[in-house]
Amino acid sequence: MTTESSEQAVEFYVRRSPDDGEEHHHETGTMLGFWIYLMSDCLIFGCLFAVHGVLGRNYAAGPSPADLFEIDMILMATFMLLFSSITYGFSVIRMDKGDLRGTQIWLIVTGLFGMAFLYLEVMEFSHLWHIGATPMASAFLSSFFTLVGTHGLHVTAGCIWLFVLLAQLQIHGLNEANKRRVMCLSMFWHFLDLIWIGVFSYVYLAGVLL
Amino acid sequence: MSASDNTAYEEGHGGGHGSFKSYMIGFVLSVILTIIPFYIVMGDALDSRLLAIAIVFVLGAIQMVVHIVYFLHINSRVEEGWLAMALTFTILLVVIVLSGSIWVMFNLEQNMMPAHEQIERVRSLP
């Protein structure tokens with residue numbers, strides 16, 4: 001009796017229905033899990049925004065946002081990220097059509113826009129550093145470098161992921177695993193653009209206005 | 001991949017698949033919603049700073065919604081509504097963290113600042 005029921009229990013847990021374990025089932029869980037990771041990332045950025053909200057007006061007799069920020073450069077960086085978002089969209093559309101070459105080309109364009117954004121950010125940071133506006137200068141600059149730097153690190157990670165993905169696409173083509181990776185990076189990339197909206201509205205534009 | 005396969009794929013997975021049209025709508029709206037706040041700040045278009053900040057924040061919030069709808073394609077249907085639910089929960093937490101921190105720290109700053117009579121009282125101590 002007992003052995004029979006335990007055998008049944010084992011079979012219950014081990015047995016797999018014939019249509020289970022397919023990519024279809026698997027991918028659904030991946031997208032939800034990746035989205036929950038992005039939401040945890042969103043909480044990190046929420047906390048960094050709160051820190052900047054608390055410390056962002058404490059200049060310690062140092063420079064204020066109006067003295068430091070060059071808004072036309074920020075506008076250019078914003079458009080770099082916006083262009084990279086739409087070109088990533090084109091890449092996903094080509095992928096849905098099963099066009100490997102088109103997917104790769106639009107991904108490369110996306111990566112170039114992403115790196116242009118990073119270039120502008122590095123230029124801005126090194127300029128600030130040279131004129132003495134370091135994170136050590138005031139609480140405002142500490143929170144500024146933490147928030148904007150964290151976003152920049154995310155974009156850097158996204159670029160590295162993008163070039164690894166290009167290599168994977170080159171080697172394995174448009175199989176299910178690679179399609180899933182393209183969709184996850186798509187969510188990551190658009191999510192970073194969304195965070196940047198908060199950064200340019202709150203840190204840069206509102207900072208200069210106040 | 002045939003057309004019927006394609007729709008089954010989109011319905012099954014959701015969360016990130018969009019048409020050319022939806023991406024272009026999102027892009028054009030984003031460009032408009034980006035240019036207006038930058039124009040207000042760079043061109044000193046408004047006399048009232050408070051009004052300018054309010055417009056920047058409202059347009060930023062609208063642009064975030066545009067990105068969620070047209071780029072991320074999150075709605076109440078994809079993944080049986082779990083993505084939308086996770087997003088709602090996160091927004092709730094972020095609002096609590098942001099408003100709570102700023103409220104508490106603003107009050108702290110106000111109340112930790114010694115008032116004039118306090119300083120006088122300390123001075124008159126024997």
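Not measured: the values here are computed from a predicted model.

### Examining the overall build of chain A
The number of helices and strands found in chain A is seven helices and zero strands. Along chain A, from the amino end to the carboxyl end, the secondary structure elements read α-α-α-α-α-α-α. A separation of at least 24 residues holds for 81% of the contacts in chain A among residues at least 6 apart in sequence. Within the structure as shown, chain A displays about 9,500 Å² of accessible surface, and the carbon and sulfur contribution to it stands at 67%.

### Describing the interface of chain A and chain B
Facing 51 residues of chain A, the contacting portion of chain B comprises 49 residues. Between chain A and chain B lies a buried interface of about 4,500 Å² when both sides are counted; carbon and sulfur atoms form 80% of it. For the interface between chain A and chain B, the tally reads zero salt bridges. Connecting chain A to chain B are two residue pairs in polar contact (both at pLDDT 80 or more).

### Regarding the packing of aromatic side chains
Residues and elements named next belong to chain A. Within this structure, the stated rule accounts for 24 aromatic pairs over all chains. Measuring from centroid to centroid gives 5.7 Å for Phe-34 and Trp-161, while their planes differ by 70°, and the two rings are edge-to-face. Note that Phe-34 is positioned in helix α2 (residues 23-55) and Trp-161 in helix α6 (residues 139-172), a separation of 127 residues in sequence. Accessibility expressed as a relative area gives 14% for Phe-34, which makes it buried. What makes Trp-161 partly exposed here is its relative accessible area of 25%. Pairwise contacts between aromatic rings join Tyr-59, Phe-69, Phe-117, Phe-125, Trp-129, Phe-140, Phe-144, Phe-145, Trp-196 and Tyr-204 into one cluster.

### A look at the packing of α6(A) against helix α7 (residues 176-209) of chain A
Residues and elements named next belong to chain A. Two numbers describe how α6 lies on α7: the axes approach to 10 Å, and their chain directions differ by 160°. On the basis of their axis angle, the class for α6 and α7 is roughly antiparallel. The crossing of α6 and α7 is left-handed.

### Notes on the pattern of salt bridges
Scanning the entire structure with this criterion turns up two salt bridges over all chains. A salt bridge links Asp99(A) to Arg94(A), with the shortest nitrogen-to-oxygen separation between them at 3.1 Å. Put simply, Glu120(B) and Arg123(B) hold a salt bridge, and the shortest N to O gap is 3.4 Å. With Glu120(B) and Arg123(B) both in helix α5 (residues 116-123) and three residues apart, this pair spans about one turn of that helix.

### Some thoughts on the nonpolar core
Counting residues in each nonpolar core, the largest one holds 82 residues, and the members touching the most others are Trp35(A), Phe69(A), Tyr88(A), Phe144(A), Trp196(A) and Tyr204(A). For this core, the elements supplying multiple residues, two or more each, are α2, α4 (71-96), α5 (100-130), α6 and α7 of chain A together with α2 (20-42), α3 (49-71) and α4 (82-112) of chain B. Phe69(A) has contacts with Glu124(A), Phe140(A), Phe144(A), Val203(A), Tyr204(A) and Val208(A), leaving out every residue within four places of it along the chain.

About the cut-offs
- Residues numbered from 1 in each chain as written.
- Chains lettered and ligands numbered in written order.
- Predicted model: local features only at pLDDT ≥ 70, side-chain atom pairs only at ≥ 80, totals over all residues.
- Heavy atoms only, no water.
- Helix = DSSP H or I, 4+ residues; strand = E, 2+ residues; numbered from the N terminus.
- Contact = heavy atoms within 4.5 Å.
- Areas by Shrake-Rupley, 256 points an atom, 1.4 Å probe, with all protein chains shown as cover.
- Buried area = accessible area lost by both parts, 1.4 Å probe.
- Salt bridge = Lys/Arg side-chain N within 4 Å of Asp/Glu carboxyl O.
- Polar contact = N/O pair within 3.5 Å; in protein donor to acceptor, adjacent residues only side chain to side chain.
- Phe/Tyr/Trp six-rings, centres within 6.5 Å; stacked < 30°, edge-to-face > 60°.
- Buried < 20%, exposed > 50% of the residue type's maximum accessible area, 1.4 Å probe, protein only.
- Axes fitted to C-alpha atoms, helices over the stretch in contact; angles between N-to-C directions.
- Parallel < 35°, antiparallel > 145°, perpendicular 65-115°, else oblique.
- Left-handed = near helix turned anticlockwise from the far one by under 90°.
- Core = buried A, V, L, I, M, F, W, Y, C linked by side-chain atoms within 4.5 Å.

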